[in-house]
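As a plain string of letters, each chain reads:
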Amino acid sequence: MDLNAIQQMFFQECDEGLAGMEAAFAILRDGDHDAETINGVFRCVHSIKGGAGAFGHERLQAYTHHYETLLDLIRNGSLDLTPALLDIVIGAFDMLSDHVAAARDNSAVPADAAMLARLEAAAGGGSTVTARVGPAGPAATVSEPAATVGDDFDDLMAMLGDVSPPAVPGVEADAPAGWKLVYRPTANALDHGAEPLLLLRELAMLGGTVVDCDVTALPSLDAIDPDCAYLGWTIALPGTASEEDILAVFEFTDACAIALTRDAVATAPVPTPTDPVQVDAADATPAPAADPVASAAPPIDDPKSAAKGAPVPPAAQTIRVDLDKLDRLVNLVGELVITQSMLAQRLTECQMGGISELSDLEHLTRDLQESTMAIRAQPMKTVFSRVPRIIRELEGEVGKRVRLEVEGEMTEVDKTVVERIGEPLTHLIRNAVDHGLESTEGRIAAGKSPEGVVRLSAAHHSGRIVITVSDDGQGINRARVRAKAIERGIILPDAILTDEEIDNLIFAPGFSTAATISNVSGRGVGMDVVRKNIQALGGRISIQSREGVGSSFSLSLPLTLAVLDGMIVTIGEQTFVIPLSHIVESLRPTGETLNRFGLDGALLDVRGAYVPVFPLADHLGIADAERDPTKAVLIVVEGDHGQAALLVDTIRDQRQVVVKSLEANYQEIDGVAGATILGDGRVALIVDIDTLTARSRPVRIPLAEAA
Amino acid sequence: MTDIAPKTIMTVDDSPSMRMLLRAALTDLGYTVIEAEDGVHALETLAASPEPDLLITDINMPRMDGFGLIAEVREGGRRNLPILVLTTESSDEKKQRARSAGATGWIVKPFHPDKLAAAIRRVLH
């Protein structure tokens, strides 16, 4: 496993950690300051700090250090977690997310100076710890790879025996005075598996020689306790060895066991005259340190440069599979499903449809397809985890207090859906906070809790995922929506609309414009774009609203984009698929509901609203289709450009179809979204409602303008 | 190279990336690595694997933390097994705590491979 892969693992852990912190903050915000919750937050930051250091993300490491310092003070009770302090902690968390993202994407590090100042101010000088920035520098001492040391005490024995002393690397003529080190292990020096001899071996690597062994404490043989240390040593070390390196050898040892002094007598170049052994750099035996670790260092040496240029994508799986391979598998399974249904049809034609193997095959194929799709599935958590932050930012912008309730974040859905649901969902959340919830004063006046509630939920529902964004705000003000729709020419002033129809007006193109939306919900898009995005995913959006009680937006999405719920219709000899997500209703019209319009146009009266009749045959170039609407079927569809009634011959079936791309297999065709292969082996085109209804649009506009 | 068989080091850390980092560094140093995810897992692995020559353990872990693991290992009769503790704390107080808990030494995270090698040499018999 290379370092990049390990680093990717680290970023996965960061994501999990951040999600865990988010959950912990939800608990803490409810006033439950459980010690384990605070400890968990600390542990997350702590782990991120550790990994950041290991992978050379210095800014992330420095930031987490400051953050951790504050959290530690809260954890050990030095600081009381007041709501104000919790705000700082959560604010710092958001910046931590930014830092992690910057480290992952190699993008610009967020400006954290202000936040660091807040953290430090909050820590109130209680922290005296200074940031340890950057990865541990390369050890100043050149040391021997451990593998060549092992149990081999030859060097040590050589040193003890004063034979063949090791050379001193880098001896210079004006080297400083040598060191004199007295090491007298304490009685417990052998506890916990410690071994003083190993330290002498380390000193030998620094060029040290034992000049004296103190055996005065050694008892008679029968009194020796093998677990006790009795010996002491005096070791001479070259002056070129740094004090830091020498003391580092004794890092695990009681400080009282050693005494290190510069040898005052020694002013001459190392080796000093007081040294019992003359070490001549010229003819000295090469030290075992000839092969420095630095040259054999693992790639960990500079993890950052190794990781540069390869932003690590977030992922929640434990096995990483090339997406192409997965797509190929999904494709093959799609083919299998088609072949299976073709086989079923053929066998049925031969009166063999009842054989049990056929239904077994069907079950297996369906299971296989579902399992394959499940590989691509990801929990909604990936998207939901970003919401608390959006809410917090909105709270600041609009000055409302909002509590977020999340449910069903583990609900799984296809990766493509997860990737593309984020934007519309963000918009709905913004809409809920900005337009849905009343101001704090407004809520108090209405007798509600000053804190507004936004609920976000996801659940599987009959083969689809239903995501709901609801608020306990004021609900849709239908009088205002209606007035605005009239003002914008979307409906006629005397139009009779149900409450539901009025609610749905907010999805009408041109309903919200830059002039009327705040910069919070705004961001340049209206609810019509939200609906368009949802429909592009094969989904539907619906509203439920009660004035004074709140609104709820439900998104119903397919679990995957590779299959589509469609209505199979025939036009003449041809078969087409109309995506179910666009269908409002289907009906066989009576003469009274049809109104002639222009030369050969017709308008369908759907309970007072006029919808243009759209003969699909004309647009798709089919000659032998039924032209008389009263003998055909009209399917009312809702597209980007409003409703249209598609004229088709018959409805044959409603089922899931495997989507085949036309662009990939043939070429792009205006008005056709894709193709599928039916059970009888025939190709059926999937109608692109949006492009087709765009053509019927001119019929609607003059009507509205005429008013 | 006078070693007969490579030394075996057991690493205990709940973070997979940290375990992989240790494995990469230790393998490069010529050691054989066995891994455990937390204290409980470490005890199970100790019972089931060949005796390691050194144990390197994290402190903050679910189920059983590093201190708990050290106590169990020492009480379980491994009085002389060298144990290094992985810590991000460089304060003396924290190190003292590791020592009194029965650790032989410690490695401050993040570790440089050279420092890791040096720390191991100081305790690995």
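Residues numbered from 1 in each chain as written. Chains lettered and ligands numbered in written order. Predicted model: local features only at pLDDT ≥ 70, side-chain atom pairs only at ≥ 80, totals over all residues. Heavy atoms only, no water.

**Structural notes on the UniProt feature "modified residue: 4-aspartylphosphate" (unreviewed entry) in chain B**
Residue and element names in this part refer to chain B. The criterion, for reference: UniProt positions are given in the numbering used here, feature names are shortened, and annotations may be inferred rather than shown by experiment. We count a stretch as a helix when DSSP gives it H or I for four or more residues in a row; a strand needs E for two or more, and each element gets its number in order from the N terminus. Only protein chains enter the accessibility calculation, which uses a 1.4 Å probe; a residue whose area is less than 20% of its type maximum is buried, one above 50% is exposed, and one in between is partly exposed.
In the numbering used here, UniProt assigns the feature "modified residue: 4-aspartylphosphate" (unreviewed entry) to Asp58. Relative to the helices and strands, Asp58 resides in strand S3 (residues 54-58). Judged by relative accessible area, which is 7%, Asp58 ranks as buried.

**Considerations on the pattern of salt bridges**
Should their charged atoms come close, side chains of opposite charge can pair. Residue and element names in this part refer to chain A. Definition in use: The rule for a salt bridge is simple: a side-chain nitrogen of Lys or Arg has to be within 4 Å of a carboxyl oxygen of Asp or Glu.
Within this structure, the stated rule accounts for 32 salt bridges over all chains. Asp94 is the partner of Arg392 in a salt bridge, and the nearest nitrogen-oxygen pair spans 2.4 Å. Separated by 298 residues along the polypeptide, Arg392 in helix H14 (residues 387-398) and Asp94 in helix H4 (residues 83-105) bring together distant segments of the chain. The exposure class of Arg392 is buried, given its relative accessible area of 15%. Asp94 sits in the buried class, given a relative accessible area of 9%. For Glu335, the salt bridge is made with Lys660, and the minimal N-O distance between the two is 2.8 Å.

**Notes on the confidence of the model for chain A**
Residue and element names in this part refer to chain A. Applicable threshold: The predictor's confidence in any single residue is recorded as pLDDT, a number from 0 to 100. Contact definition: two residues touch when any of their heavy atoms are within 4.5 Å.
Here chain A averages 77 in pLDDT, while 80% of its residues score no lower than 70. Counting contacts from residues 126-159, a segment whose pLDDT is below 50, to residues more than four positions away or on other chains yields 74 contacts. Overall, residues 161-173 carries pLDDT values under 50, and its contacts beyond four positions in sequence, including any with other chains, amount to 24 contacts.

**A short note on the pairing of strand S16 (residues 601-606) of chain A**
Residues and elements named next belong to chain A. In plain terms, the rule: Note on pairing: DSSP must find at least two bridges between two strands before they are called paired.
Counting buried positions along S16 gives five out of six residues, so the element sits mostly inside the fold. Two strands pair when backbone bridges link them, and strand S15 (residues 594-597) and S16 are joined in this way by four bridges, in the antiparallel orientation. Bridging across to S16, Phe597 finds its partner in Gly601. Pairing geometry for S16 and strand S17 (residues 609-615), over four bridges, is antiparallel. By the bridge assignment, Val606 is partnered in S17 with Ala609.

**Notes on the sheet that holds strand S6 (residues 401-407) of chain A**
Residue and element names in this part refer to chain A. Selection rule: Helix axes use the C-alpha atoms of the stretch in contact, all axes being lines fitted to C-alpha atoms, and the angles between their N-to-C directions lie in the range 0 to 180 degrees.
Spatially, five strands are ordered S6-S8-S9-S11-S10 in an open sheet, and the strand pairing comes out mixed. Edge positions in the sheet fall to S6 and strand S10 (540-546), since each of these pairs with one other strand and no more. Within the sheet, the average angular offset between the axes of one strand and its neighbour, ignoring direction, is 15°. With seven bridges joining them, S6 and strand S8 (residues 451-461) adopt parallel strand pairing. By the bridge assignment for S8, Arg403 is matched with Val453. Sheet strands in contact with H14 are S6 and S8, and its direction is about 170° off that of S6.

**Examining unusual backbone geometry**
Residues and elements named next belong to chain A. Even without a glycine there, the phi angle at Gln351 is positive, about 60°. Tracing the chain through its elements places Gln351 in the loop between helix H11 (323-349) and helix H12 (356-375). Residue Gln351 is classed as exposed on the basis of its relative accessible area of 70%. In the Ramachandran plot, Arg607 falls in the positive-phi region, its phi being about 45° despite a non-glycine side chain. Along the chain, the position of Arg607 falls in the loop between S16 and S17.

**Remarks on the sheet that holds strand S3 (residues 232-237) of chain A**
All names here are of chain A. If you walk across this open sheet you meet the four strands as S2-S3-S1-S4, and the pairing is antiparallel. Here the strands that pair on one side only, and so sit at the sheet edges, are strand S2 (209-214) and strand S4 (258-262). If you compare each strand with its neighbour and ignore which way they point, the axes differ by 15° on average. Two strands pair when backbone bridges link them, and S2 and S3 are joined in this way by five bridges, in the antiparallel orientation. Among the inter-strand pairings, Asp212 is bridged to a residue of S3, identified as Thr234.

**Re the environment of Leu199 of chain A**
The topology assignment puts Leu199 of chain A in helix H7 (residues 196-205). Taking the C-alpha atoms as reference points, Leu199 of chain A and Thr253 of chain A, separated by 54 residues in sequence, lie 9.7 Å from one another.

**Regarding the packing of H11 of chain A against H12 of chain A**
Residue and element names in this part refer to chain A. Selection rule: For this classification, under 35 degrees means roughly parallel, over 145 means roughly antiparallel, 65 to 115 means roughly perpendicular, and everything else is oblique. Should the near helix be turned counterclockwise from the far one by less than a right angle, the crossing is left-handed, whereas a clockwise turn marks it as right-handed.
Here H11 crosses H12 at 160°, and the two axes come no closer than 10 Å. Relative to H12, the element H11 lies roughly antiparallel. Relative to H12, H11 is oriented so that their crossing is left-handed. Here H11 contributes Leu326, Leu329, Val330, Val333, Leu336, Val337, Gln340, Leu343, Ala344 and Leu347 to the contact with H12, which in turn contributes Leu358, Leu361, Glu362, Thr365, Leu368, Gln369, Thr372, Met373 and Ile375.

**Things to note about the pairing of strand S5 (residues 105-108) of chain B**
Residue and element names in this part refer to chain B. Of the two faces of S5, the one carrying Gly105 and Ile107 and the one carrying Trp106 and Val108 are both buried. For strand S4 (residues 83-87) and S5, the ladder comprises four bridges, and the chain directions are parallel. Within S5, the residue paired with Leu86 across the bridge is Ile107.

**Comments concerning the nonpolar core**
What counts is decided by this rule: Nonpolar core, defined: a set of buried Ala, Val, Leu, Ile, Met, Phe, Trp, Tyr and Cys residues in which side-chain atoms within 4.5 Å join the residues together.
With 88 residues, the main nonpolar core has Met21, Phe25, Tyr67 and Leu96 of chain A together with Leu26 and Ile120 of chain B as its most contacted residues. Setting aside anything within four residues of it in sequence, one finds Phe25 of chain A in contact with Val41, Tyr67, Leu86, Val89, Ile90 and Phe93 of chain A. The next biggest cluster of nonpolar side chains, apart from the first, holds 43 residues, and it includes Val413, Val418, Ala508 and Phe511 of chain A.

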